[in-house]
Structure formats: C-alpha cells, structure tokens
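# Residue-level structure breakdown
One letter stands for each residue in the lines below.
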Amino acid sequence: MRIETINGRKVVCSHIYPIDELNVGQEWAQADGTDRVVVITKIENGQVYYVDNKSDTVYDKDWFSFQCRYCKVVQ
C-alpha cells in the first residue's frame, strides 16, 4: 500500500480493502488518473453502488472490481 497525490487528492494505491472496510459516503478517485471522484451510496451482497461527481447516475460493481478501478481518497 502507498499513498500518492493525484489531481490534488491523497489516495491509497496498490491495496484491496476487505469488504467490511468499505463504507457508504467514502470518496474514491478513478485509478487511471482521470479527475473523477465517486461516492459509495450502498453496499449490498458484495456489490458496491456509487455515483460520480458529474451526474447522479448510480453505478455498481462487485467490491473487488470496484477497487481495481478506484482508489480510496484519504485527504
């Protein structure tokens, strides 16, 4: 695990959290460096539901795939 600053945000990289450490309201930044932030809105049956900062469309991915695409914002 390492912390990097991407688009002015400190994010955790190279780490997969256990599902019980994912929480509603957490912000996650797109892992490819794109300036996109998503917020978790619900976690149910291993699926993470989230919205991005540009729309209110709800997306979902399984908890592992979600973390492969997004990095947790820590500051």
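A few points on the structure. (Residues numbered from 1 in each chain as written. Predicted model: local features only at pLDDT ≥ 70, side-chain atom pairs only at ≥ 80, totals over all residues. Heavy atoms only, no water.)

## A look at the environment of isoleucine 3
By the secondary structure assignment, isoleucine 3 is in strand β1 (residues 2-6). Of the residues examined, isoleucine 3 reaches a relative accessible area of 54% and is grouped as exposed. Residues isoleucine 3 and lysine 72 lie 69 residues apart in sequence; the distance between their C-alpha atoms is 9.6 Å. (Helix = DSSP H or I, 4+ residues; strand = E, 2+ residues; numbered from the N terminus. Buried < 20%, exposed > 50% of the residue type's maximum accessible area, 1.4 Å probe, protein only.)

## Things to note about unusual backbone geometry
In this structure, asparagine 7 is a non-glycine residue whose phi angle is positive, near 50°. Relative to the assigned elements, asparagine 7 resides in the loop between β1 and β2 (9-13). In this structure asparagine 7 comes out as partly exposed when scored by relative accessible area, which is 41%. Phi at serine 14 takes a positive value of approximately 60°, unusual for a residue other than glycine. As for its position among the elements, serine 14 is in the loop between β2 and β3 (27-30). The exposure class assigned to serine 14 is exposed, which follows from its relative accessible area of 56%.

## Remarks on the nonpolar core
Generally speaking, a soluble globular protein has its nonpolar side chains buried in company with each other. The biggest cluster of nonpolar side chains holds 10 residues, and these are Val12, Tyr17, Leu22, Trp28, Val38, Ile40, Val48, Tyr50, Phe66 and Tyr70. Leaving out residues up to four positions away in the same chain, tyrosine 70 has contacts with Trp28, Ala29, Gln30, Ala31, Arg36, Val38 and Tyr50. The next biggest cluster of nonpolar side chains, apart from the first, holds 5 residues, and it includes Val11, Ala29, Cys71 and Val73. (Core = buried A, V, L, I, M, F, W, Y, C linked by side-chain atoms within 4.5 Å. Contact = heavy atoms within 4.5 Å.)

## Here we look at the sheet that holds strand β5 (residues 47-52)
Judged by pairing direction, the sheet is antiparallel, and its 5 strands sit side by side in the order β6-β5-β4-β3-β7 without closing on themselves. Unpaired on one side and paired on the other, β6 (58-62) and β7 (70-72) mark the two borders of the sheet. Strand-to-strand twist across the sheet, computed as the mean angle between neighbouring axes with direction ignored, equals 40°. (Pairing = 2+ DSSP bridges. Axes fitted to C-alpha atoms, helices over the stretch in contact; angles between N-to-C directions.)

## Re the pairing of β5
Two strands pair when backbone bridges link them, and strand β4 (residues 37-44) and β5 are joined in this way by 6 bridges, in the antiparallel orientation. Residue valine 38 lies in a different strand from β5, and its bridge partner there is aspartate 52. Taking the residues between adjacent antiparallel strands as the criterion, β4 and β5 are bridged by 2 residues, where asparagine 45 takes a positive phi near 50°. Summarising the sheet, β5 and β6 pair through 5 bridges and their orientation is antiparallel.

Purely spatial values, then, with no claim about function.
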